[in-house]
Amino acid sequence: MEPTDEDLCRRVAGGEPGAFDCLVERFEKRAFRIAWGILRDHEAAKDCSQEAFLRLHEGAGSFSGQSKFSTWFYRIVANVCLDHRRRARGWRQLLAWRDADPGRNEDGDLIERLPAPAADPGDALDAERRLSHLWCAVETLSPQLRATVLLACREGLATREIAAVLGLSEATVRVHLHRAFATLRRRVGGAS
Amino acid sequence: MTAAAGHVEAQLVSLVRGELGLAEQAQVERHLTTCGECRAARTDFERLAGDLARLDAPPVSWPAYRVELREKLAHRERAATARWSWHIQPLPVAMAAGLVAMMLYVGGASLPGRGVGQGDLAALENTLLASRLELISRLDLMQRLDLFEDFDVIHRLDTLPGRGKG
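Residues numbered from 1 in each chain as written. Chains lettered and ligands numbered in written order. Predicted model: local features only at pLDDT ≥ 70, side-chain atom pairs only at ≥ 80, totals over all residues. Heavy atoms only, no water.

1. Points about unusual backbone geometry
Here is step 1 of the chain: One non-glycine residue, Arg40 of chain A, lies in the positive phi region at around 55°.
Here is step 2 of the chain: If you trace the backbone, Arg40 of chain A turns up in the loop between helix H2 (19-39) and helix H3 (42-59). (Helix = DSSP H or I, 4+ residues; strand = E, 2+ residues; numbered from the N terminus.)

2. A short note on the confidence of the model for chain B
Residues and elements named next belong to chain B.
Here is step 1 of the chain: Counting all residues, the mean pLDDT for chain B is 78, and 67% of those residues have values of 70 or more.
Here is step 2 of the chain: Element-level pLDDT for chain B is lowest in helix H7 (residues 133-137), with a mean of 63, against a maximum mean of 93 in helix H2 (residues 22-34).
Here is step 3 of the chain: As a predicted assembly, this complex carries a pTM of 0.64 together with an ipTM value of 0.75. (pLDDT = per-residue confidence, 0-100.)

3. Notes on the interface of chain A and chain B
Here is step 1 of the chain: In this assembly, 44 residues from chain A lie in contact with 34 residues from chain B.
Here is step 2 of the chain: Across the chain A to chain B interface the summed buried area is about 3,800 Å²; carbon plus sulfur atoms make up 61%.
Here is step 3 of the chain: Of all residues in chain A, Gln50, Phe181 and Arg185 of chain A give up the largest surface area on contact with chain B, accounting jointly for 18% of the area buried on that side.
Here is step 4 of the chain: In this assembly, chain A and chain B are joined by nine salt bridges.
Here is step 5 of the chain: The partner of Asp44 of chain B in a salt bridge is Arg185 of chain A, with the nearest N and O atoms 2.6 Å apart.
Here is step 6 of the chain: When residues of the side of chain A that touches chain B are traced back to their parent elements, those giving at least two are H2, H3, helix H6 (127-139), helix H7 (143-153), helix H8 (159-166) and helix H9 (170-188) of chain A.
Here is step 7 of the chain: Among the elements that make up the side of chain A that touches chain B, the one with the highest residue count is H3 of chain A (10 residues).
Here is step 8 of the chain: Of the residues in the side of chain A that touches chain B, the class split is 23 nonpolar, eight polar and 13 charged. (Contact = heavy atoms within 4.5 Å. Buried area = accessible area lost by both parts, 1.4 Å probe. Salt bridge = Lys/Arg side-chain N within 4 Å of Asp/Glu carboxyl O. Nonpolar A, V, L, I, M, F, W, Y, C, P; charged D, E, K, R; others polar.)

Below is the structure:
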């Protein structure tokens, strides 16, 4: 019988050889996908997802088992990625590589100022191009909105789980999801 | 689309995700039967949710990923070990130093040759003094050498060339 994720985590905490590798194989794709969804940078996503695994290895003993292992681990991944974003943004601002914009914030004010597509692209684009266009639109979301929407749709997490992963209230997650969907609909265009 | 207008857009994402309670779901669906605008929004949200579920990250070489992760883990463990040994290193060093100091103190006090060492030094000093005895025996003469030189100069004052002439 396959050990559960929670069992494997306990075995990692107990120093059992092979348990960590097993968890890595189970979660590497999801960890990388979440990291890439938040960071949109291949190298950074690889580094951050690996850092999350290292933290899992170091802190497996602190997993209490009150939540699902996946929720606990996704939270580590999201925290590492959001910290990385904050640090990177701090350095960029410090080095003035990018103009500091006081109107920009985590809730995506930038999105609100982006121009709507000139024409309804949904009519002209095939499925692949539509996905590509959707990725571009997802990219304009703030990291937290992006994380929320990808955890919801790509990873299939319930609102309660997303709230636990991102350390937000369920109401905030619902607001984030609504804002993200409304923004993406506006950017990508309607189906009709 | 505002709540005042009776639209239900804010609940549509939850509806699409199947997260509305039964009563709320019935209420929203009742509204959808009469509101084309909200129906269109629901259709778009459903399509978006489906497309978002298909979004995938770029391909990764997973064996290389695991090798790199293993290396990072080994490096982290080495660093942790080094940090730990750095923390505990002063203790054995201090203990060893204390032990050596104690051995020197205890052992040095009881060394039989300690007096002989001092005697050797004294003998060496005596030998040096003896080698200089000849000079010391002519100390008067040595002290007066400067005086003799002065006498010689005084004696030859008349024959010495003047400062101005030369």
